[in-house]
Structures are given as structure tokens and as C-alpha cells.
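Below, each chain spelled out in residue letters.
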Amino acid sequence: MTNGRAFDKPATYRIRVQGTLDSQWSDWFDGFTLRAEPGDRTLLTGRVADQPALHGILAKISNLTLPLLLVERVDEPS
């Protein structure tokens, strides 16, 4: 178990949403890479500075009313 502070450090995340976003949205999503997937889905992959930055990305997804399918931290907390 972590003490929670490990999540306040930079990390890479994969976020999958229902809906199609093309690569032109990358800047709006703070430089995340966007990849269209089968089934009208988009995979966003990128690095965030900390948990507040991650919540900012998730808020942008929410503002677009895209259903959230996956949020996965790729890096292991140290």
C-alpha cells in the first residue's frame, strides 16, 4: 500500500473514452496522444504532473460528455 504521496508525482496514464476524437484535440488535452480505436472509442495516452493535472484532463473529458471507459496509470508508483 502506498501513502498517497507517490500519486502526487509525474506519471503516464492511458484513458479510454467512448467517442471519436482526432489528433487535433491533442493540444487541448495537454499534449496527450489520441488514437482512434474500433467501436467508436479513443485512447488518450500522456504524462501528467500530478493528481490535480489528471483531474483536469478528466474534467475536460466530462465537459465533452464522453463516457469514460478506462483510466490506467502506466507507471508504477515509487
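How each quantity is defined
Residues numbered from 1 in each chain as written. Predicted model: local features only at pLDDT ≥ 70, side-chain atom pairs only at ≥ 80, totals over all residues. Heavy atoms only, no water. Core = buried A, V, L, I, M, F, W, Y, C linked by side-chain atoms within 4.5 Å. Buried < 20%, exposed > 50% of the residue type's maximum accessible area, 1.4 Å probe, protein only. Helix = DSSP H or I, 4+ residues; strand = E, 2+ residues; numbered from the N terminus. Contact = heavy atoms within 4.5 Å. Phe/Tyr/Trp six-rings, centres within 6.5 Å; stacked < 30°, edge-to-face > 60°. Lys NZ or Arg CZ within 6 Å of the ring centre and 35° of its normal.

Participant: What is the right way to read the nonpolar core from this model?
Facilitator: Nonpolar side chains tend to gather and get buried jointly when the protein is soluble and globular. Ranked by internal contacts, the top residues of the largest apolar core, which has 14 residues, are Ile15, Phe29, Phe32, Leu44, Ile57 and Ile61. Here this core takes 4 residues from strand S1 (residues 11-18), the largest share from any one element. Residues within four places of Phe32 in sequence aside, it is in contact with Tyr13, Ile15, Ser26, Leu44, Thr45, Gly46, Arg47, Val48 and Ile57.

Participant: Would you explain the environment of Leu66 in this entry?
Facilitator: Looking at the secondary structure, you find Leu66 in the loop between helix H1 (51-63) and strand S4 (68-73). The spatial distance from the C-alpha of Leu66 to the C-alpha of Thr42 is 9.9 Å, given a sequence separation of 24 residues. The contacts of Leu66, once residues within four sequence positions are left out, are Val17, Gln18, Gly19, Leu21 and Ile61.

Participant: Help me out: how do you make sense of the packing of aromatic side chains in this one?
Facilitator: Given two aromatic rings, their pairing is described by the distance between the two centres and the angle made by the two planes. Scanning all chains against the criterion turns up 3 aromatic pairs. An angle of 45 degrees between the planes, with centres 6.4 Å apart, marks the rings of Trp25 and Phe29 as tilted. With relative accessibility at 30%, the residue Trp25 sits in the partly exposed group. A relative accessible area of 0% places Phe29 in the buried class. An angle of 80 degrees between the planes, with centres 5.2 Å apart, marks the rings of Trp28 and Phe29 as edge-to-face. One aromatic cluster is present, built from ring pairs that chain together Trp25, Trp28 and Phe29. Note that Lys60 overlies the ring of Trp28, its terminal NZ or CZ placed 5.2 Å from the centroid.

This is a description of form; function is not addressed.
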